[in-house]
Structures are given as C-alpha cells and as structure tokens.
Amino acid sequence: LSSFAARSSTCGELRAAHAGRAVTLCGWIQYQRPFFFCFSPWIRQGLFLVLRDFQGLTQVIIPQDEAHSHVKKLLSSAPVESVVRVTGIVSLRPPGQENPKMPTGDIEVKVETAEILNSCKKLPFEIKDFVKKSEALRMQYRYLDLRSFQLQYNLRLRSQIVMKMREYLCHLHGFVDVETPTLFKRTPGGAKEFLVPSREPGKFYSLPQSPQQFKQLLMVGGLDRYFQVARCYRDEGSRPDRQPEFTQIDVEMSFVDQGGIQRLIEGLLQYCWPEEKGRITTPFPSMTYEEALADYGTDKPDTRFGMKIMDISDFTRSLGIPFVQNALGYPHGTVKAIRLPQGMRYLKNKDIESLKEAARSQFNQEIVDIVCKPDGSLKSLLTRFLSQEQQSELIRVLKMQADDVVLLAAGEHKRVCSALGNLRLESANLLEAAGLVLRDPAAFHFLWVVDFPLFLPKEENPAELESAHHPFTAPHPSDMDLLYSDPTKVRSQHYDLVLNGNEIGGGSIRIHNAELQRFVLEKVLKEDSEVLSHLLDALEFGAPPHGGIALGLDRLVSLIIGTPSIRDVIAFPKSFRGRDLMGNAPDYVTPEELEPYHIQVSWPVSEAEAKKN
C-alpha cells in the first residue's frame, strides 16, 4: 500500500510487532490535544495528534524537549485536516493507555521530524461520521465528505465487488469487456434520453439509457459473450433516489436461454459477495409477475416479511355486503385484504387513517379496517352486515388474533392489489417504527420475477400499447399465436432480479428475427422502424439467438452496505433534482458557444432577467 509513495507505512497498519521501527507517515490531522499522564514510573506531558489516511488512524506523540521544539511549534499550530508528513519511531503505549477500539491502539509514533504539506482553512463541517450534515452541504463539499470513513468504506467495497465481477465474467467464463459508444441516436420507447447537439443543423445525438442495441449488435458480430461496466443516462427529472447518470453491469450472451442467464447471475453474485455480509444461497426463488401482484401487490416484492395479500372474494361473495357485491359484479372484480399483526397495540388511530387516505389519494381505492379486540370480537363498519357466526368465520378466514388489524379493499383486481401492496410496505414501516421487528436488516432475500406481460396499455391512451420493458424483448414461446391475435395477453421472456423489495436487475431473451422485430415495432407499437433500420438490417445477416441482463451497480452496492441513499455509494452524485451542487452544473453557456450548434435559447422573462443580472 505504500509502494511508489513518499511514506513507509499507512496510518492503519502499524501494530505492537512494529515497535522500534522508524516510519514515515502521511495523512490528515484528525484532531490534536494536550495531555498529562502520571502513572509511576511514567510521567508524560505534552501534545499528541491523531493522523488519518485512507486505511486508518495512528496516534502521534510530539516530544517536549528542546531538541524537538520546532516540531512542536509546527504541529501545534497546524489546523485540523491539514496534510502533514511525519517521521518517527513506533513505540508501545504505556499500560492503561491502549485503545482497543483502534486497530493501531497498542502503539504510538514518537515524532522526529514533521512537514506541513498543505494547511487547511476553516471547515464548513467536521470530518466525522457522527456529525450530522445537511445533504446539500455534503454535496457542495463532496471532496470533504469523501474523507469520512463511511464513504471511504463504501467506495472501496464497491471497487472490490466490481473487480470480483470482472474476474468471474472475464477470467472464469470467457466474457469480453467491450466499451460501447456514449454518443448515439434516439431509441423508441423507454425512459427519456438526454440530447447532445451536433454541428449539423437540427441533428442531435442522444446519450444512451443503456447499451442495449450495441450489445445485441456485438452478438451479431460473433463476440458470443459481452460484458461492460456501463455508464448510462436517463432524463427522469426530479426523482428522490434516482440519478441522471448511473452505472450498470451489462451482460449479453449468444445461444442462451432464460435459465442460463439466471444461473450466470446467481454465480456472479455469490462470487463477488463480501465475506463480512455472509454467504448467499442459490438458486434464488422465482415467482411469476401475476403471483407477485396477487400476493404482494407489486412486481418487486419484499419477501423478508409476511403480511401477504389474501384473496377473500369467494368467502365474501355470499355475505350480502353492498359494496362488496358491487365490486364483484364487475370484470376482474375482487376482494382482498392484508393483516397487520398486533396493529392495535403498535399503531394509533391516526396511523390507520393515514394508510386509508394514502390508498384513496394514490390509487383511488377505498379501504375498510377491521379490528380484532382483546375479547375476540370485531370492530368494523362491516359488522352491521354480518351475523355473529359470519363474524367468527371472517376471523378464521383472515387468521386474525387479538389486537390484529385487517385492511380490506374491494374493486378492480390490479388497483386493489397495487393499493394493498403499497399499504403492506407503509404499515410495515409504521409497525417497525413503533417497535415491532418484521424485517431483519442483515438479511438478503433474492427473488426472480418472470413471465411479465410483453405489452401494457399506454397511460395517456389505453387503446394503444407500449413495451412493458423495451421493444427488443422476445415473446414467450407459448404465446406466439397471441401476438397476432391478442397481443395484450402475450407474456414476455423478461426477468427481473429483486433484492429486499428493490429491483436490482432486469433482462430478457431478445428478438433475433428481423421479421418478428419489424412486426412488433410497426404493427403492435406503431413505431417508425426506420429509426432502427441498422438493427433490423443486422438481424437479417445471421443473428444468433441471444439474451442478457443488466444489474444496477449503484442500487446493489447500496443494499449490500445498507445506506439510506444510492448517493452514498457514488463518488460524485447529483442532487435529487439532477444538479451538481459542487460544480454548479448544469450551467449557462454564451450565445457564441451555442452558435456552432445552430441553437438559440428562448428565455422565459424571469430567467432572462436572472441571466441579465
């Protein structure tokens, strides 16, 4: 770790075995203070400081004799976070002075010489993990925030994970690391892309949201196995925990099926998984999209805890409850519920009301709550419609116990499931905040979700279809006939990898037949296939069957470490509004700089005044 550097050791490596060794250390002054210690036969008085570098801390003692007065003067006046180089002798700390919380706590370095390499001006915040700083301040002074032990750990662990991934893919399984272009052209469907002007009037590049087309073209080119730590871009506006630029582990293979991709990724994650986080077991469990929606109300279920959605449509059908009968009379009508264990013990009435209001405002879904009182009786608006025998049967069907709360919804299947899925997560947060442990923060629950629909109705125009993921995903082999008769019922060969309720990867088997790809683009999605003429042409030149996947590296590392935001595992992230608060980007450019790109900015009045001032 000290090769090629102007130091002999790092601040985190010295131990008792190094006592008597002459060393040179370089680092930042973590803190400094005077001391007085009297324990016969040791009497010590003077100044010590703690020196910090990327690997750890070392206590440095400044002798008080006249011979070292210049060293004392130099270091005692140096501000905290100044960069220094010291030489000295490693010695054991006196008995009782050891610090078992520090790896270097058995030793100290007695300074012989010192040099201030760079002084530090007044800090905007203390460089200590326990000192709370606002997110904006951390982003503005990111280079200071990076000095914290937590961010150092995060970025170094990320680097180790990526190196292990390269080793697994390239060295063990013959993948080829290929860099693909950043400047490309607009891709139909998917997320909104950033535009980059060119010197040709009216023509723009796009920053790719993924290397999707290029990796498919590499398969046509016979590369067989492709891999890349890919930078990707999406213009998604203000998303609290998203980044406009992000990194994914991009993989593509020829002559592979869905099971082959899944086994590859399971092996990859096992191989790169940090030892301190425990082993992960494979194969990962799998469930279909329909199962995930029915049981968890989402296509990315958090399976660390229960509280699954229960379908009680058959039971309630004969109860004669008006709103239930009305809901079941519609196509896809259903009655479902979730049970909050010990809900009345841990939640307040306002919590229940906030959950009901969330379902109403976000999903236009009414919720009825049912409480099982300590005496075993029910408290609910439903009880006026139910006999005592029916209430007892309802308790049995819902598996209720004393103090449990049930949230019940009736209506269209997908809306009911989505609303209850959201309430399942929100209520789990409330229960845990009140002291009920539901999710083990140290547990990692992986899950494959498969058999997604190939197409979904457009939100703005439900009569038209859009790709559920992207237009290059192959239809499920069993549903090929439906593609031409009823494309809304076609399942895809798409698969998502979910970890603790977060999507960390997604991929698919691709369409490798030009005629089929053209049909999907033109007839089903109503897209102009000319935009993808290069890909369609390539598919006509003997394209092999192929498939792949992309893992979101930022999200994966964030979940492994347990950080509250993906910004904590990215060296220089953007704010949630997509701004770089440190460098103040994006920024204005002059009309002269825009002229070669044939662009003029039309300013709103307020912005024009701001620019003028």
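Look up: the structure comes first, before these words.
We now turn to the structure provided with this report.

Conventions used here
- Residues numbered from 1 in each chain as written.
- Predicted model: local features only at pLDDT ≥ 70, side-chain atom pairs only at ≥ 80, totals over all residues.
- Heavy atoms only, no water.
- Helix = DSSP H or I, 4+ residues; strand = E, 2+ residues; numbered from the N terminus.
- Buried < 20%, exposed > 50% of the residue type's maximum accessible area, 1.4 Å probe, protein only.
- Contact = heavy atoms within 4.5 Å.
- Areas by Shrake-Rupley, 256 points an atom, 1.4 Å probe, with all protein chains shown as cover.
- Polar contact = N/O pair within 3.5 Å; in protein donor to acceptor, adjacent residues only side chain to side chain.
- Pairing = 2+ DSSP bridges.
- Phe/Tyr/Trp six-rings, centres within 6.5 Å; stacked < 30°, edge-to-face > 60°.
- Lys NZ or Arg CZ within 6 Å of the ring centre and 35° of its normal.

## Side note on the overall build of the chain
Stage number 1. Each helix and strand in the chain was counted, giving 19 helices and 22 strands.
Stage number 2. Expressed as lengths along the three principal axes of its C-alpha atoms, the size of the chain is roughly 95 × 75 × 60 Å.
Stage number 3. Residues counted as buried form 47% of the 613 residues belonging to the chain.
Stage number 4. Excluding contacts between residues fewer than 6 apart, the proportion of contacts in the chain whose partners are at least 24 apart in sequence is 67%.
Stage number 5. About 31,300 Å² of surface is accessible on the chain, with carbon and sulfur atoms providing 52% of the total.

## Examining the environment of Asn99
Stage number 1. Inspection of the secondary structure assignment puts Asn99 in the loop between strand E4 (83-92) and strand E5 (107-118).
Stage number 2. On the basis of relative accessible area, Asn99 is assigned to the partly exposed category, the value being 25%.
Stage number 3. The sequence separation of Asn99 and Thr87 amounts to twelve residues, and the corresponding C-alpha distance is 22 Å.
Stage number 4. Sequence-distant contacts of Asn99, that is, excluding residues within four places in its chain, are made with Arg93 and Gly105.
Stage number 5. In terms of polar contacts, Asn99 uses its side chain to reach the backbone amide nitrogen of Lys101, at 3.0 Å.

## A closer look at the side chain of Glu108
Stage number 1. By the element assignment, Glu108 lies in strand E5.
Stage number 2. Within the structure, the side chain of Glu108 is placed 3.1 Å from the side chain of Gln59, a separation counted as a polar contact.

## Examining the pairing of strand E13 (residues 333-340)
Stage number 1. Counting buried positions along E13 yields six of eight residues, so the element is predominantly enclosed.
Stage number 2. When strand E12 (residues 310-311) meets E13, the two strands line up antiparallel, connected through two bridges. What sits directly across from Asp311, in E13, is Lys336.
Stage number 3. Of the pairings in the sheet, the one linking E13 to strand E16 (residues 405-412) comprises eight bridges and is antiparallel in character. In the sheet register, Ile338 faces E16, and the bridge partner there is Leu407.

## Looking at the packing of aromatic side chains
Stage number 1. A full pass over the atoms with the stated rule returns ten aromatic pairs.
Stage number 2. On the numbers, 5.6 Å between centres and 70° between planes, the contact of Trp273 with Phe446 is edge-to-face. Note that Trp273 is positioned in the loop between helix H6 (258-272) and strand E11 (286-288) and Phe446 in strand E17 (residues 446-450), a separation of 173 residues in sequence. Here Trp273 matches Phe446 in class, with each residue buried.
Stage number 3. Among the aromatic residues, those joined into a ring-pair cluster are Trp273, Phe284, Phe444 and Phe446.
Stage number 4. Above the ring of Phe305, the side-chain terminus of Arg424 is found at 3.8 Å from the ring centroid.

Read these as spatial facts, not as claims about activity.
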